[in-house]
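So the chains spell out like this:
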Amino acid sequence: MASLTASLARGALTSPFKRAGRPDATLPPDRLTRPAAPVAPGPLAAYGRICGFTESGPLPLTYPHVLAFPLTMRLMTGPSFPLPVLGLVHTWIEITPQRAVASAEPLELTVYAQQLTPHRRGTEVTMATEARVGGELVWESRSGYLSRHRQATPDGTTPDGTTPDRTALDGTTPDRATPERAKGARGAGPVTAVPPAAGGLPARAEWRLPGDLGRRYGAVSGDRNPIHLHPLTARLFGFPRAIAHGMWTVARCLAEAGDPSSIRSVRAGFRAPVLLPATVTYAADATGNAFELRGAKGRVHLVGTVTRQAGVSGPG
């Protein structure tokens, strides 16, 4: 985790000197790779406990993202990365497991920046992660991160013809990369849309989240972003209290999704932050293939879908 801490410190130092929204911005061509290494059982067990995964079975679908996050941060805080890492908002994630991965299998991890996409609230970057076992691609993901800045044209509108969004950093972030935004992307590879909230999904469970959840998850994931750690540090970034990690909310929902070996893809969009402490409701359809996380007064924090192997149903 030392490399991740160093990347966070470097990001804090370099962010003030990076200007998001430059029309000539390009992504670094680097592909950062961590050589094949076994998964450490102690941290994996701690991660499983805090996210609600069973102790046995294949590797949790979200865990390669956690293992590769230090590589992601190293790339995003490098001098050639065009966006300031401070203030980036994780807006969506798409996970595609090619097969179930055993926890004993050594994973080689690769991370690269795939594309920049104009967005009505700024610029979105798509980061790609790949995991291999013995050269075989076994798992991949893409994540969208939004850098907020004004993109007004001389007539006062944004490139998509709307007026600039003046909403403060309240977490009401868009949750998908749409085909319209993909048309203006700079870089290779399409962006797959994350589906909108299903709406009206029946409640399945209620979870009480303690105020120290961000610190506890940060300890096992290595993501010690100050917005997750303490109300005082969260206020520096516009939040009244510490907020839960978005990746914890995805992992906790997937822990309820049944056998991970049957899952062929996961798509999730982050709608609003979960202020800690909190009581949230996990809702899902009868198959477990559409899910969401709701807070007080029905506010939707997370929406997602799961696709499964033909003939296999969820926990329903």
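See the structure above.
Below you will find a few notes about this structure.

Along the protein chain, the regular secondary structure elements total seven helices and 11 strands. Relative to its 316 residues, the protein chain shows a buried fraction of 50%. Element-wise, carbon and sulfur atoms account for 57% of the exposed surface of the protein chain, whose accessible area totals about 13,900 Å².

Looking now at the nonpolar core. Counting residues in each nonpolar core, the largest one holds 67 residues, and the members touching the most others are Y47, L107, M127 and Y217. Not counting residues within four places of it along the chain, the set of residues in contact with M127 comprises T72, L75, M76, F81, V111, Y112, A113, S141, R142, S143 and Y145.

Right, let's talk about empty space enclosed by the protein for a bit. Applying the stated rule across the entire model yields two cavities of 30 Å³ or more. Taken as a whole, the largest cavity holds about 100 Å³ of empty space. Considering the residues around the largest cavity, the lining is formed by 14 residues, among which L59, L61, R99, A100 and V101 are closest to the centre. Of the residues belonging to the lining of the largest cavity, the class tally is 11 nonpolar, one polar and two charged. A volume near 40 Å³ is recorded for the second largest cavity. Along its surface, the second largest cavity is lined by H65, T72, M127, T129, S141, S143 and Y145. Mapped onto the lining of the second largest cavity, the elements with two or more residues apiece are helix 3 (63-76), strand 4 (122-133) and strand 5 (136-148). Ranked by residues supplied to the lining of the second largest cavity, first place goes to strand 5 with three residues.

Criteria and thresholds
- Residues numbered from 1 in each chain as written.
- Predicted model: local features only at pLDDT ≥ 70, side-chain atom pairs only at ≥ 80, totals over all residues.
- Heavy atoms only, no water.
- Helix = DSSP H or I, 4+ residues; strand = E, 2+ residues; numbered from the N terminus.
- Buried < 20%, exposed > 50% of the residue type's maximum accessible area, 1.4 Å probe, protein only.
- Areas by Shrake-Rupley, 256 points an atom, 1.4 Å probe, with all protein chains shown as cover.
- Core = buried A, V, L, I, M, F, W, Y, C linked by side-chain atoms within 4.5 Å.
- Contact = heavy atoms within 4.5 Å.
- 1 Å grid on protein atoms, 1.4 Å probe; cavity = no way out; pocket = protein on both sides within 12 Å on 5 of 7 lines; lining within 4 Å.
- Points joined across faces, edges and corners; volume = space filled by probe spheres on them.
- Nonpolar A, V, L, I, M, F, W, Y, C, P; charged D, E, K, R; others polar.

So far we have only geometry, and geometry alone does not tell us how the molecule works.
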